Structure formats: structure tokens, C-alpha cells
Amino acid sequence: MPAVPRARSRRGAARPSVSAWIAAASAATALALPAPYLLEGPGPAIDVLGEADGHPVLTVDGASRADPGEGALDMTTVMVSGPPTGSTSVLELASALVDPRRDTTPRELVYPTGVSADQVSESNAGAMTASQDLATAAALHELGRDYGRGLAVREFAPDSPARDVLRAGDEVLAAGGTPVDDVAALRSAVDAAGPGPVALRVLRDGVETDVEVPVRAAPEGAGQAWQIGVFLETVYDFPVDVEISLEDIGGPSAGTMFALAVLERLTPGAMTGGAHIAGTGTITEEGQVGPIGGIAQKVRGAADAGAAVFLAPAANCADLDGRVPEGIAVYAVDTLTTARGVVEAVGRGETLDGVPTCG
């Protein structure tokens, strides 16, 4: 007689205990908790000689040419997530720690406590705008072309003695009867005048005006004895009009690539010779290339985009030890002159001698 199958009793089946459920829920909650870390990964590479969202990234009114040929000069970016502009969970942090393409950084090493997302966005936007002006100045400096520069009042420090005399947007032309076009010259004039007021000539709404600005003692460690309590910005008068159209990208690190693109527009011939070149680095008015953050992610992003050559700030070279992907050569550059020389040599298909490599 065949055996009749019986329904298996569930009385002896193992059930998760209440404590097990609590432990699982606690673990899941812990993994979802925010962690005070920034995560950095490769971002998109953008050809500053090409287009973005259907518009030219960089245009130069007054340039000798508009067509860069078949080559590309990519500015590189980093995808950053975490506070204060977002959040990083413990799970995301754990994943990034084992991902060689990403780095983790404690938030407090980048953003002081209390800094908001809006403040970060505003700071990045301002740095991007400043880098564009510096890139144009550096390119013109490299070509030996003249341009004008000056100082303008951006905003006032709390309880500034100058608040009732100066206005935001005033361009400082002279201090103590001496023309000034940089902060160092103005500081010297203020120190020489203290404790009395300093005589300034400013350009306001197109009219030159003489004003007497009170000064106050500077706090210890300020590097000067007296101050007028204003924040200044450099303003330029360029012989060419450079426009850069990029959205949702901030910071100063594209300055070197912007300067190279302006050079390309202002000189005859296709500087890249058809080569695909990427890079990064801040730039000064005199053409000094400065270090940036996220260099490993930027090189990786450039390699992913197909660049064969990368221009890295010399000060970042040590950060690339063992982190350069195959198929891309990274050259260390410390000046715009060196960066331009690398681009032109690569464009001519020449072997580069004398320029150190990274990685």
C-alpha cells in the first residue's frame, strides 16, 4: 500500500526570534545613517573647444579663428556627494572604501562646520567666474598682449568704517595720490595713512570721485597695521571678450584648460593637431598652474572619455603614484607656458623630452 504523504507539522519549524528581527532592523538602520564624509568619483570630461547642451563652451569675440580642428581640450570634473550639499550613508561609505575609482574625505577637512549647501554653491560659482577672468589674463600675458586691471569694492566687513563712504562696485583708482591696481598697493597706502583717513579716488557710475575713508586698527595676525574693512575683487579690461557657457559646474580647477582654449582661439593653426588632450589646474594671472582636488578621479574620467594625454599640476604629481590608468600619459606642468608646449608638441606628433610624467 503506498504511503500517504502527510502534511509536515510547522510546530517544529525555526522562527526568527524577536531579538533577531530587532538586530536586523538595527543593522539596516545603521547602514542608512548619514556619515560625515564626502565621496569623490570620476565626473564628465568636457571639451572646452566644443559644445555643451548645444552651445559653444567657450567663445572669444575678437579671436583670429573659431574652428579648433579635430582635436579636443577636455576640462575634467569630479562627482562629489555628501554633506553639506547632500548626504552619505554608512553603506555608501563602505562601498566607496573598496572602490579604487573613488576616494573618501572627512567633511570637516573640506567644509567647516556650519557651512550650508547654498554657501558652497555660491562659493563654487564665484570661483568658476574668477577662474575664467584669470584664464583670459593668463592667456594674454602668455602672448604678451596688454590689458587693464583694477580693484573694485565687493562687500563690507561687519562694522566697516568705510560703509558710509564707499559703495559696492566702486573701482579704486588711487590711494594717497598713487595709482593702485592690486591689493598689496592699497594695503600699503592704508598703512601709510593710519590712524588718519586714507584718501581714495574711485570710479563710481562712470564718474571719478575723491573720498576720505576712515581706517581702523587691524586684528593681530592680519599682516597689516590698519584696514578699511572692505572685501575687494580684481576687475579687468580685456581687448577681447571671452564667454564661457557651462551650467552646474563650479570651482577654479578648470583655469588652465580655459587659458589653453583662449590661446588656441587667439593663435593661428590648430594647436592640438587633432589630438585628444585633457587636464586640470588652477591658473594665476601670471600663468602659474596650481594644485587641485580629486586629481586621480579627473585622470580616470579623462581616460574614460578617450583622452591620450593629461596635463596635471606638478604639485599633484605625487597623488597619482600607482593611480594612472593604462593608455593615458600624464605630464606634470607648473606654468601655462609648459602646458602650451606640451599641447603643441603632442599636436605635432613630437616626442616630449624634459617634461616630467606622473604615475
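Refer to the preceding data block for the structure.
The text that follows walks through the structure, step by step, so that each part is easy to find. (Residues numbered from 1 in each chain as written. Predicted model: local features only at pLDDT ≥ 70, side-chain atom pairs only at ≥ 80, totals over all residues. Heavy atoms only, no water.)

## Remarks on the sheet that holds strand E16 (residues 276–279)
Spatial strand order, E6-E1-E5-E16-E19-E20: 6 strands in an open sheet with mixed pairing. Edge positions in the open sheet fall to strand E6 (103–106) and strand E20 (329–333), since each of these has one partner strand only. Neighbour-to-neighbour, the strand axes of this sheet turn through a mean angle of 35°, independent of strand direction. Where strand E5 (residues 72–81) lies against E16, 4 bridges are found, and the strand directions are parallel. By the bridge assignment, Met-75 is partnered in E16 with Gly-279. Against the sheet, helix H5 (residues 255–266) contacts E5, E16 and strand E19 (309–313), and its axis sits at roughly 160° relative to E5. Contacts from helix H6 (residues 295–304) reach strand E1 (37–47), E5, E6, E16, E19 and E20 within the one sheet, and its direction differs from that of E1 by about 35°. (Pairing = 2+ DSSP bridges. Helix = DSSP H or I, 4+ residues; strand = E, 2+ residues; numbered from the N terminus. Axes fitted to C-alpha atoms, helices over the stretch in contact; angles between N-to-C directions. Contact = heavy atoms within 4.5 Å.)

## Concerning the pattern of salt bridges
Taken as a whole and judged by the stated rule, the model has 13 salt bridges. Here Arg-149 and Asp-181 are joined by a salt bridge, their closest N and O atoms 3.8 Å apart. A residue pair is termed long-range when its members are at least 10 positions apart, and Arg-149 in strand E7 (residues 148–156) and Asp-181 in the loop between strand E9 (178–179) and helix H4 (183–193) qualify at 32 residues. For Glu-208, the salt bridge goes to Arg-201, with nearest N and O atoms at 3.7 Å. By relative accessible area, which is 36% here, Arg-201 ends up partly exposed. (Salt bridge = Lys/Arg side-chain N within 4 Å of Asp/Glu carboxyl O. Buried < 20%, exposed > 50% of the residue type's maximum accessible area, 1.4 Å probe, protein only.)

## What about the state of the cysteines?
Scanning all chains against the criterion turns up 1 disulfide. The side chain of Cys-317 participates in a disulfide bridge whose partner is Cys-358; the two sulfur atoms lie 1.9 Å from each other. Given an S-S torsion of about -120°, the disulfide between Cys-317 and Cys-358 has left-handed geometry. On the criterion of sequence distance, the pair formed by Cys-317 in the loop between E19 and E20 and Cys-358 in the segment after helix H7 (336–348) is long-range, its members being 41 residues apart. Residue classification places Cys-317 among the buried residues on the basis of a relative accessible area of 15%. Of the residues examined, Cys-358 reaches a relative accessible area of 6% and is grouped as buried. (Disulfide = S-S within 2.5 Å.)

## Overview of H4
Residues Leu-186, Ala-189 and Val-190 constitute the buried set of H4. Here the buried residues of H4 occupy an arc of 100° about the axis, which is enough to place them on one side. When the buried face of H4 is taken as reference, the exposed residues oriented beyond 90 degrees from it are Ala-184 and Ala-192. As for H4, its buried residues are in contact with E7, strand E8 (171–175), strand E10 (198–204), strand E13 (226–227) and strand E14 (230–237). (Arc of directions from axis to C-beta.)

## Focus on the packing of aromatic side chains
Summed over the entire model, instances satisfying the criterion amount to 3 aromatic pairs. Ring centres of Tyr-147 and Tyr-236 lie 6.1 Å apart, and the angle between their planes is 55°; on these two criteria the pair is classed as tilted. Of this pair, Tyr-147 sits in the loop between helix H3 (117–143) and E7 while Tyr-236 sits in strand E14, and the two are 89 residues apart along the sequence. Judged by centre distance (5.6 Å) and plane angle (55°), the rings of Tyr-147 and Phe-238 are tilted. Taken together, the residues Tyr-147 in the loop between H3 and E7 and Phe-238 in the loop between E14 and strand E15 (241–244) connect sequence positions 91 residues apart. (Phe/Tyr/Trp six-rings, centres within 6.5 Å; stacked < 30°, edge-to-face > 60°.)

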